[in-house]
Amino acid sequence: MPNVEKITIALTPELANLVKESVEQGDYASTSEVIRDALRDWKHKRALEKQEIAHIRQLWDAGLASGPG
């Protein structure tokens, strides 16, 4: 895998066991794959949250621009 940076993370025993179990059950080939997949999901979730916030701001601005109620 090109341009890979190794980092160390600390997990609670519960999360560490979940990661290990996923690998042992064959869901993932390595613990790194589990973490990468989780981070991709987290990145996608954050992008969706930002879109939702932008949409709410647009609605808010439209409401303000529409004049008094």
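Structural data are supplied above this passage.
Below: a short report on this structure. This is a predicted model, so every value here is computed, not measured.

With that settled, the discussion passes to the overall build of the protein. Helix and strand counts for the protein come out as 2 helices and 0 strands. The C-alpha radius of gyration of the protein comes to 20 Å, more than 25% above the 11 Å expected for a compact globule of 69 residues. In terms of principal-axis extent, the alpha carbons of the protein reach across some 60 × 30 × 20 Å. With 69 residues in all, the protein has 4% of them scored as buried. Accessible surface computed for the protein: about 6,500 Å², of which carbon and sulfur atoms make up 57%.

The next subject is the pattern of salt bridges. For the structure shown, the criterion picks out 1 salt bridge. The partner of R40 in a salt bridge is D37, with the nearest N and O atoms 3.9 Å apart. With R40 and D37 both in helix α2 (residues 31–65) and 3 residues apart, the pair spans about one turn of that helix. We classify D37 as partly exposed; its relative accessible area is 22%.

At 3.6 residues per turn, the α-helix brings residues three or four places apart onto the same side. Over its 12 residues, helix α1 (residues 13–24) extends 16 Å from the first C-alpha to the last, a length consistent with the 16 Å expected when each residue adds 1.5 Å. Phi turns positive, to about 85°, at G26, one or two residues after α1.

Rules behind the numbers
- Residues numbered from 1 in each chain as written.
- Predicted model: local features only at pLDDT ≥ 70, side-chain atom pairs only at ≥ 80, totals over all residues.
- Heavy atoms only, no water.
- Helix = DSSP H or I, 4+ residues; strand = E, 2+ residues; numbered from the N terminus.
- Rg over C-alpha atoms; globule rule 2.2 N^0.38 Å.
- Buried < 20%, exposed > 50% of the residue type's maximum accessible area, 1.4 Å probe, protein only.
- Areas by Shrake-Rupley, 256 points an atom, 1.4 Å probe, with all protein chains shown as cover.
- Salt bridge = Lys/Arg side-chain N within 4 Å of Asp/Glu carboxyl O.
- Expected span 1.5 Å × (residues − 1).

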